[in-house]
Structure formats: C-alpha cells, structure tokens
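Structural features, examined
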Amino acid sequence: MLRSLLLYLAQATWAKSWVMRLGIAQRTAYRFVAGDTLDDAMIVVRNLNQKGMDVTLDYLGESVFDEASAREAADAYVTMLDCIAAEDVNATASLKLTQLGLGVSEALCLDNLRRILTCARGHGNHITIDMEGSDTTDATLDVFRTLRAEGFDNVGIVIQAYLYRSDADLRALAAEGSFVRLCKGAYKEPPDRAFAEKTDVDANYVHLTQQFLSAAHCEQGAYLGIATHDEAMIRAAQAHIRAQSIPSTCFEFQMLYGIRARLQQQIRDDGYRIRLYVPYGTQWYPYFMRRLAERPANVWFILSNFFRR
Ligand code: FDA
C-alpha cells in the first residue's frame, strides 16, 4: 500500500516540487546520491575505488519529452566518460533510455546512445541500460539489440526479476552472450505482468541467477551483474557459483550507493568483485522516491524528523 503510494508520487509533478523543497527530504536523498555535480561524483568514485570497489555512474534524469533536453543528457554522459578516462578511475556508466529521448522517438534515443557508446568505446568503457516501467521493456530491448547488431559490444542491459517475461528474456540474452544486470525491479507494475508477492519475486531472482550463471553461457561471453542488497539472494548466488565452479570473470555483485555499506565491504573482503551504482545530479526526485518505496522505514525516518521540527 505505502509502496504503491510512493511509486505513484514518484511520477507526480505536483508532489515533486513540494518534496524537493523539504530540507529533511534533501538531506535523506543525499544519502543515496553523490551530489549535484560530476565533481561531487568523482570524489565518491575515488573514495570507493580506494576501498577496492568498482563504480557505475548515473547522471540522474528520466521521462524527458523534448529533443533539446535529451541531447543535453547525452552531452553530459560524453563529458562524464571523458572525465572518467582523464582521471583514470574505475567507473562505467548507467543510463535510462527515457532520459535520452525514447519518449520522443526511438530514432532520437538511438542517435544519442550511439554517440555515448562511441565515446565509451574510444575510452575502452562500458554502458549499462537501466530498465524502467514495463511499458518500455520491448523498446529498451529493441534499442539494446539494434546497437549490439551494429557492433557495439560495450553495452549491457538490466532485467527485472519481478516480471513474468524475464525468464524468456534472460534465456535469450544469455544465449546471445550479453552483459546483464539482474535486479528485482523498482516500478509499479500490474499483477498481469509482475509477481505481486515479495516471496515470488525472491524465488524468481534465485531461479534467474542460477539459469543465467552457467559454464556454457559464460563461454559465450555472457556476464551477470548480481544487483541486490538481499543477503539471501547473495548467499544463494555464491552457493551456486561455488557448486558450478563459475569463473570470477563471468559475474560481479552490484549495489546502490548508500545502501548496506557494511555488506558491500563484506562482499569485497570475501574476495568478490563488487560495483556500486552511484547517481549524481539535481534530478534526484523519482530515484529517491523509489528508494523510499523499497524500504518504508526510510519514510518514517523523514516524517518523524519533520514533525519533531
Ligand atoms: P530487498 O528490497 O528485499 O532489500 C533487501 C534489503 O536491502 C532490505 O531488507 C534492506 O535492508 C536493504 N534495502 C533495500 N533497499 C533499500 C533502501 N532503499 N534503503 C535502505 N535499505 C534498503 N530497478 C529497476 O527497476 N531498474 C533498474 O534499472 C535498476 N537498477 C539497479 C541497479 C543496481 C546496481 C541495483 C542494486 C538495483 C537496481 N534497481 C533497479 C533496484 C532494484 O530493482 C530493487 O528495487 C532494489 O535493489 C531493492 O531490492 P533488493 O534486491 O535490494 O531486495
């Protein structure tokens, strides 16, 4: 119920300006966001790299419906990739297709992403396409496959375990030797498309991880980002990796900046590769609301501070 409300508010323009003005909301948001600028983000990247963690940087933004803003977002990614190379830090990039103009036209989005991928390829870097609401899943997979067919092998895609279709999507992507980031899914989805119960989502997450992580897929070049903060999912993946002797070159663990820092360090200390998803920029509202929806305790923290003041 609260999750649904927060996910509805994530899309509500009227709520956005109100929430973004609240000091306590801003302070809580910056627990999950590196800062407003690329310079802020680079400080976090260097710090995490020093602790032995890889990073993927996200320049916050989504649901862009004009061409100029979509092109500006692509410019910001090119600047980010140049900066990563110039500073010689360990970071890839992640992005949303609706930020690059998918809602305007697929052609505009492809044009923008092609430019970003060309820049990334020049620097030997990699881009992962985030997955948004299920009304964009087909278009997102189309864009991914179009660019792979054009020869871009430095692009990966996110798959969400809560969608019924993900079993088939993931099988196909594994056979194609793709780079996939597997997460549970963070959007509001109808029951005819997604598991409604958390236990079903969790069971599917374990099933999909095991299905993707096989020696055969690994040989074909498939790579899995196991993107979760759920210790049960992580333990199940590690048990499967040990039992099937999956090479460490075929997977990594991934988590969001600001969530379960001790667990992140534990995974690193256990000798696994871990990458943190680090967002930055001023457009933090929908990203922040999805983080609240994942853990209602975050909302009570904000409300109790608000009323105490
Ligand atoms: P779960 O929600 O069960 O959480 C497990 C535990 O982690 C909780 O008990 C709590 O301790 C902690 N936790 C989780 N979320 C928290 C929060 N917000 N605040 C504080 N503690 C929290 N989704 C999507 O739809 N499209 C995408 O492209 C991506 N991309 C992506 C990249 C990466 C690297 C990650 C890690 C996640 C995503 N997600 C995503 C988000 C994902 O779908 C999911 O909503 C969150 O990861 C939360 O699910 P968990 O797997 O952590 O499990």
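For the structure, see preceding data.
For the structure given in this document, a descriptive report is provided here. (Residues numbered from 1 in each chain as written. Predicted model: local features only at pLDDT ≥ 70, side-chain atom pairs only at ≥ 80, totals over all residues. Heavy atoms only, no water.)

Digging into the layout of surface pockets
What the largest pocket holds in volume is close to 1,400 Å³. Lining the largest pocket are 47 residues, and of these Arg3, Lys184, Gly185, Ala186 and Glu294 lie nearest its centre. With five residues, the top contributor of residues to the lining of the largest pocket is helix α13 (residues 285-294). Here the lining of the largest pocket is composed, by residue class, of 22 nonpolar, seven polar and 18 charged. There is about 390 Å³ of room inside the second largest pocket. If you go around the second largest pocket, you meet 18 residues; those closest to its centre are Gln11, Glu132, Gly133, Asp135 and Tyr187. A per-class count over the lining of the second largest pocket returns five nonpolar, seven polar and six charged. (1 Å grid on protein atoms, 1.4 Å probe; cavity = no way out; pocket = protein on both sides within 12 Å on 5 of 7 lines; lining within 4 Å. Points joined across faces, edges and corners; volume = space filled by probe spheres on them. Helix = DSSP H or I, 4+ residues; strand = E, 2+ residues; numbered from the N terminus. Nonpolar A, V, L, I, M, F, W, Y, C, P; charged D, E, K, R; others polar.)

With respect to the nonpolar core
Ranked by internal contacts, the top residues of the largest apolar core, which has 76 residues, are Leu57, Leu95, Leu113, Ile116, Ile127, Ile226 and Phe253. Looking at which element gives the most residues to this core, the answer is helix α5 (residues 67-87), with eight residues. In this view, Leu113 contacts Leu95, Leu97, Leu100, Ile127, Ile129, Val143 and Leu147; residues no more than four positions away in its chain are not counted. Residues Leu6, Val33, Tyr285 and Ala293 belong to the second largest nonpolar core, which totals 27 residues. (Core = buried A, V, L, I, M, F, W, Y, C linked by side-chain atoms within 4.5 Å. Buried < 20%, exposed > 50% of the residue type's maximum accessible area, 1.4 Å probe, protein only. Contact = heavy atoms within 4.5 Å.)

Describing the side chain of Asp230
Mapped onto the secondary structure, Asp230 falls in the loop between β6 (223-227) and α11 (231-243). Once residues within four sequence positions are removed from consideration, Asp230 is found in contact with Lys184, Lys198 and Asp202.

Description of the site of the ligand
Neighbouring the ligand are 27 residues; Gly185, Lys198, Thr228, His229 and Glu294 lie closest to it. At a separation of 2.7 Å, an oxygen atom of the ligand approaches a polar backbone atom of Gly185. A distance of 2.6 Å separates an oxygen atom of the ligand from a polar atom in the side chain of Lys198. Protein coverage of the free-state accessible area of the ligand, which is 930 Å², stands at 88%. The cavity that encloses the ligand is the largest pocket. Residue assignment for the shell around the ligand shows that the elements contributing at least two residues are β4 (155-160), β5 (179-183), β7 (251-256) and α13. (Near = heavy atom within 4 Å. Polar contact = N/O pair within 3.5 Å; in protein donor to acceptor, adjacent residues only side chain to side chain. Areas by Shrake-Rupley, 256 points an atom, 1.4 Å probe, with all protein chains shown as cover. Sits in = over half its atoms within 2 Å of the grid points.)

So, the pattern of salt bridges
Scanning the model with the defined rule gives 22 salt bridges in all. Measuring nitrogen to oxygen at the nearest pair gives 3.7 Å for the salt bridge that ties Asp54 to Arg275. Note that Asp54 is positioned in strand β1 (residues 54-59) and Arg275 in strand β8 (residues 274-280), a separation of 221 residues in sequence. Asp54 gets classed as buried once you look at its relative accessible area, which sits at 8%. A salt bridge links Arg145 to Glu176; the shortest N-O distance between them is 3.0 Å. Taken as a pair, Arg145 in helix α7 (residues 137-149) and Glu176 in the loop between α8 (166-175) and β5 lie far apart in primary sequence, 31 residues in all. By relative accessible area, which is 36% here, Glu176 ends up partly exposed. Via salt bridges that share partners, Asp54, Glu252, Arg273 and Arg275 belong to a single interconnected network. (Salt bridge = Lys/Arg side-chain N within 4 Å of Asp/Glu carboxyl O.)

Examining a nonpolar patch on the surface
On the surface, a cluster of nonpolar side chains totalling about 370 Å² of accessible area is made up of Leu5, Tyr8 and Trp14. With respect to the secondary-structure elements, Tyr8 resides in helix α1 (residues 2-10). Take Tyr8: its relative accessible area is 44%, and that puts it in the partly exposed class. (Patch = residues over 30% accessible without salt bridge, like charges linked within 9 Å, V, L, I, M, F, W, Y side chains within 5 Å.)

So far we have only geometry, and geometry alone does not tell us how the molecule works.
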